[in-house]
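Here is how the chains run, residue by residue.
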Amino acid sequence: MSNGRESGTPEQSAEPSGRLPPTGFVEQANAADASIYETFESTWPDCWEQAADRLTWNDAYDTVLSGDGPPFEWFAGGTLNASVNCLDRHVEGDGKNRVAIKWESRTGETRVYTYQDLSREVNEFAAGLRELGVEADDVVTLYMPNIPELPIAMLACARLGAPHNVVFAGLSADALATRLESAASNYLVTCDGYYRRGNPILLKRKADDARLTVDHDVRETVVVDRLDGDTHLGANQHDYHELVERHAGTVVDPVERAANDCLFLIHTSGTTGEPKKVKHTTGGYLAHVTWTTETVLDLGPADTYLSTANIGWISGHSYVVYGPLAVGSTVVMYEGAPDYPEKDRIWNLIESNAVDVFYTAPTVIRSFMKWGAEYPDAHDLSSLRLLGTVGEPINPRAWKWYYEHIGNEDCPIVDTWWQTETGGMMVTTLPGIDEMKPGSAGRPIPGTDAQVVDGTGAACAPDDPGYLVIRRPWPGMPLALQRGRRWADDHAAPVDIDGWFYFTGDGAKVDDDGYITVLGRVDDVINVSGHRLGTMEVESAIVDVDHVVEAAVVSIDDPREDGIYAYVTLEAGVTGDEAIRNHIVDRVRERIGPIAIPEEIIFTPDLPKTRSGKIMRRFLENITNGEQFGDTSTLRNPEVVGELESIVRDRTGTSEDSE
Ligand code: PRX
């Protein structure tokens, strides 16, 4: 059946099977010796000393990995401070006047921080936070857009041993309140507002709303003045710049943290309606991201690096802030969107800063493709040496476009698979060693045991789809996993294996060469425009609207289109009209944020259900994506599938003969 959407398979088979990394790249690569895989395998877990040795420790660790686990502990006995690793050691070495962060505002204003400048402001802000009462282990919530004060605040928290809890600025006041509560956080740093595509977003107003609904007392709030407006500061609210000025020149002794002490916590979407709290460690996490930054992103102190990731998500934590600053590179940051004010903003940034390494997401690459090759083609991108992607599978057509138009067929592409939970990269090619296969992420990184298995844990035959699991601990693993919690147990995992394992929630297949192709989530988590959302969290926002009885959301599975379809059942006698649609949109915006607003809202008298009453989302996915659906005979109400299919076809204008 043709509905104008391509399935991945024919597109994939049209591509050559592999490409070798360009010789010029290999000659200078940080990792170019293929024996690294074998060495890591034969010396595991001690191989991870290579990662830990890239860090500056106060006390050396006694053991690399202790415990046959769980519990596990990485680098036990070792102590360190993350801000020292990202700042002091460069300042004390030869990097004090090297640029750490070069930031461009949406209006083209730039701010340049050398490692010395960054270190100074981090210390001053750390002193300010300490004045407000922040001590080691207090959680500080940071609700800010991509402005330099965000990484500064993260590093200031790290200096004090106070875990940060960054909340993406695009999330709503309700979402902020839930995350403040879940983290039991008494301190908040935010800004008055920021511009998105020329429109002001009043962030402090959202932060104030959130504070009012939080059960516990948010004792102190710091506000960065970004809009240059007259922001009213209430009781226990402090101006960031005044606070920093008050501590001008102060140096704060870095708080020594045990390797396993929490560096930060971050919330992500899980399979329940509640956000999932993930805590990362200071030693293991920092070792993992530093080593992968050097080995996979090939970054070092001489490099300039640009990522489109927002610092509010894990990709920004690991590969905008901690990894690149730990290796001493120059990070180019920008405020706003890649197409504002012009669609060549990124290419302009790469050209004017002579960026060496660029990291982005397939959804962004597809937007670049839509805008047209004339934008990158008009810029000199010859400084680029390596390209990366993260966040979702990259379809081979987007890969090829990226390779040709951005990399000029001269830059390897690393397709890096990892998650909020893994902390750092887990499956990718090593760019100076491995052949690239468009559409396939690559092999597990050295020392990592990622496997594709069936429901019993048996390895799948090449090209058979299965579940992606990790069967050995890794340094960037979060605290809960180290302590033996099996997330897989919380919500009916489809895999059951003897012994320790981590179920990633992803489906995948592996080829003859051991390359893993990630097929997407198999649990109730969906990936929309690079954002991870739980179906339950969106559905519970929708059923909160008056007259809504039931809702099911599914994602559009199409490389050229992103979004969610919501199927909604209303009380008998109520008609689904624009007013209810608007209420649904408003409620989703209010509870989660604009990223979760459905593309289509489809009212239906019933949802496809099994005889026991379970909603069969699989059929809704087939309908949404114009795919053939299988046997409906197990449904209590098979007729609803055909009815919904024709409603969707009418609404979206897709039909079998539309192509
Ligand atoms: O489904 C996988 C997809 O993104 C999920 C993790 O999302 P999040 O925790 O928000 O972290 C995103 C940034 C690290 C995974 O379970 N994913 C991530 N990278 C890839 C990917 N899918 C395919 N290929 C990738 N390279």
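Turning to the overall build of the chain, a few remarks are in order. Looking only at helices and strands, the chain features 22 helices and 31 strands. A globule of 659 residues ought to have a C-alpha radius of gyration of about 26 Å, and the chain, at 24 Å, matches this closely. With the C-alpha coordinates aligned to their principal axes, the bounding extent of the chain is approximately 70 × 60 × 55 Å. Counting across all 659 residues of the chain, residues that qualify as buried make up 59%. Considering only contacts in the chain between residues 6 or more positions apart, those separated by 24 or more positions represent 71%. For the chain, the exposed surface amounts to about 24,900 Å²; the carbon and sulfur share of it is 44%.

This part is about the site of the ligand. Around the ligand, the structure places 16 residues, and the nearest of them are Asp415, Thr416, Thr420, Asp506 and Arg532. Thr420 places a polar side-chain atom, nitrogen or oxygen, 2.5 Å from an oxygen atom of the ligand. Between an oxygen atom of the ligand and a side-chain N or O atom of Arg532, the distance comes to 2.6 Å. For the ligand, the protein covers 93% of the area, taking 540 Å² as the surface of the free molecule.

Running from N to C, helix α5 (residues 82–92) and helix α6 (residues 115–131) cross one another at 130°; their axes reach a closest spacing of 9 Å. Between α5 and α6, the angle is such that the two are oblique. Note that α5 runs across α6; the crossing there is left-handed. Packed against α5, whose contacting residues are Cys86, Leu87, His90 and Val91, the element α6 presents Tyr115, Gln116, Leu118, Ser119 and Val122 at the interface. Considering only residue class, the contact of α5 with α6 consists of six nonpolar, three polar and no charged.

This next bit is on the sheet that holds strand β29 (residues 548–555). One open sheet holds the three strands; their spatial order is β29-β30-β31, and the pairing between them is mixed. Of all the strands in the sheet, the pair left with one neighbour each is β29 and β31 (600–603). Strand-to-strand, the axes of this sheet are offset by a mean angle of 20°, without reference to chain direction. When β29 meets strand β30 (residues 564–570), the two strands line up antiparallel, connected through seven bridges.

A word on the environment of Glu627. For Glu627, the location among the structural elements is in the loop between α21 (617–624) and α22 (639–652). Using a relative accessible area of 30% as the deciding quantity, one classes Glu627 as partly exposed. Between the alpha carbons of Glu627 and Glu645 there is a distance of 9.8 Å; along the sequence they are 18 residues apart.

Our focus in this paragraph is the pairing of β31. Here β31 shows no split at all, with Glu600 and Ile602 on one side and Ile601 and Phe603 on the other all buried. Here β30 pairs with β31 via four bridges, running parallel. Looking at the pairing, Tyr565 lines up with Glu600 of β31. Viewed along the sheet, the connection from β30 through helix α20 (residues 578–591) into β31 turns out right-handed.

The full count for this structure, using the stated rule, is 32 salt bridges. Across the salt bridge formed by Arg366 and Glu392, the nearest N and O atoms sit 3.3 Å from each other. Here Arg366 is found in helix α14 (residues 362–371), whereas its partner Glu392 is found in the loop between β19 (386–390) and α16 (396–406), with 26 residues between them in sequence. By relative accessible area, Arg366 is classed as buried at 9%. Accessibility expressed as a relative area gives 18% for Glu392, which makes it buried. Among the salt bridges present, the one from Lys609 reaches Glu550, with a minimum N-O distance of 2.8 Å. Residue Lys609 is located in the loop between β31 and α21, and its partner Glu550 is located in strand β29; the two are separated by 59 residues in the primary sequence. By relative accessible area, Glu550 is classed as partly exposed at 22%. One network of salt bridges, with partners in common, ties together Asp298, Asp303, Asp356 and Arg385.

Let's shift gears to the packing of aromatic side chains. Inspection of every chain in the model, using the stated rule, returns 23 aromatic pairs. Look at Trp48 and Trp291: their rings are 5.3 Å apart centre to centre, the planes differ by 80°, and that puts the pair in the edge-to-face class. Here Trp48 is found in the loop between α3 (35–43) and α4 (49–52), whereas its partner Trp291 is found in helix α11 (residues 283–295), with 243 residues between them in sequence. Geometrically, the ring pair formed by Tyr467 and Phe503 is edge-to-face, given 6.0 Å between the ring centres and 85° between the ring planes.

We note that the domain assignment places domain 1 (82–99 + 116–255) and domain 2 (525–652) within the chain. Facing six residues of domain 1, the contacting portion of domain 2 comprises eight residues. The largest share of the area that domain 1 buries against domain 2 comes from Phe168, Ser172 and Asp174, three residues that together contribute 61% of it. Our count for the contact surface shared by domain 1 and domain 2 stands at zero salt bridges. Our enumeration of links across domain 1 and domain 2 arrives at three residue pairs in polar contact (both at pLDDT 80 or more). Here the side of domain 1 that touches domain 2 is built from residues that sort into three nonpolar, two polar and one charged.

The next subject is the side chain of His379. Summarising the element assignment, His379 is placed in the loop between α15 (374–377) and β19. A distance of 2.8 Å separates a polar atom in the side chain of His379 from a polar atom in the side chain of Asp344. Every residue in contact with His379, bar those within four places of it in the chain, is listed here: Asp344, Trp347, Asn348 and Glu351.

With 17 residues, α6 should cover 24 Å at 1.5 Å per step; its first-to-last C-alpha distance of 24 Å lies within 8% of that length. Within α6, twelve of the 17 residues are buried, leaving the element largely enclosed by the surrounding structure. Count one or two residues on from α6 and you reach Gly133, which has phi positive near 110°.

Glancing now at the nonpolar core. Ranked by internal contacts, the top residues of the largest apolar core, which has 154 residues, are Phe125 and Tyr322. If one sorts the elements of this core by residue count, helix α7 (residues 149–160) sits on top with nine residues. When residues of this core are assigned to domains, at least three fall in each of domain 1 (82–99 + 116–255) and domain 2 (525–652). Excluding anything up to four places from it in sequence, Phe125 contacts Ile152, Ala153, Ala156, Val189, Val222, Tyr240, Leu243 and Val244.

Of the two faces of strand β28 (residues 531–534), both are covered, the one formed by His531 and Leu533 as well as the one formed by Arg532 and Gly534. Pairing of strand β27 (residues 525–528) with β28 involves four bridges; the strand directions are antiparallel. Opposite Val528, over in β28, you have His531 as the bridge partner. Adjacent in sequence and paired antiparallel, β27 and β28 are bridged by two residues, among which Ser529 carries a positive phi angle near 45°.

Let us now look at the sheet that holds strand β6 (residues 140–143). Strands sit in the order β12-β11-β8-β6-β7-β14-β15 across an open sheet of seven strands; the sheet is mixed. Every other strand in the sheet has two partners, leaving β12 (237–239) and β15 (276–281) as the edge strands with one partner each. On average, each strand axis in the sheet is inclined to that of its neighbour by 25°, with strand direction left out of account. Here strand β8 (residues 187–191) pairs with strand β11 (residues 220–224) via five bridges, running parallel.

Rules used throughout
- Residues numbered from 1 in each chain as written.
- Predicted model: local features only at pLDDT ≥ 70, side-chain atom pairs only at ≥ 80, totals over all residues.
- Heavy atoms only, no water.
- Helix = DSSP H or I, 4+ residues; strand = E, 2+ residues; numbered from the N terminus.
- Rg over C-alpha atoms; globule rule 2.2 N^0.38 Å.
- Buried < 20%, exposed > 50% of the residue type's maximum accessible area, 1.4 Å probe, protein only.
- Contact = heavy atoms within 4.5 Å.
- Areas by Shrake-Rupley, 256 points an atom, 1.4 Å probe, with all protein chains shown as cover.
- Near = heavy atom within 4 Å.
- Polar contact = N/O pair within 3.5 Å; in protein donor to acceptor, adjacent residues only side chain to side chain.
- Axes fitted to C-alpha atoms, helices over the stretch in contact; angles between N-to-C directions.
- Parallel < 35°, antiparallel > 145°, perpendicular 65-115°, else oblique.
- Left-handed = near helix turned anticlockwise from the far one by under 90°.
- Nonpolar A, V, L, I, M, F, W, Y, C, P; charged D, E, K, R; others polar.
- Pairing = 2+ DSSP bridges.
- Right-handed = clockwise from strand over helix to strand, strands pointing away.
- Salt bridge = Lys/Arg side-chain N within 4 Å of Asp/Glu carboxyl O.
- Phe/Tyr/Trp six-rings, centres within 6.5 Å; stacked < 30°, edge-to-face > 60°.
- Domains from an automatic or database assignment.
- Buried area = accessible area lost by both parts, 1.4 Å probe.
- Expected span 1.5 Å × (residues − 1).
- Core = buried A, V, L, I, M, F, W, Y, C linked by side-chain atoms within 4.5 Å.

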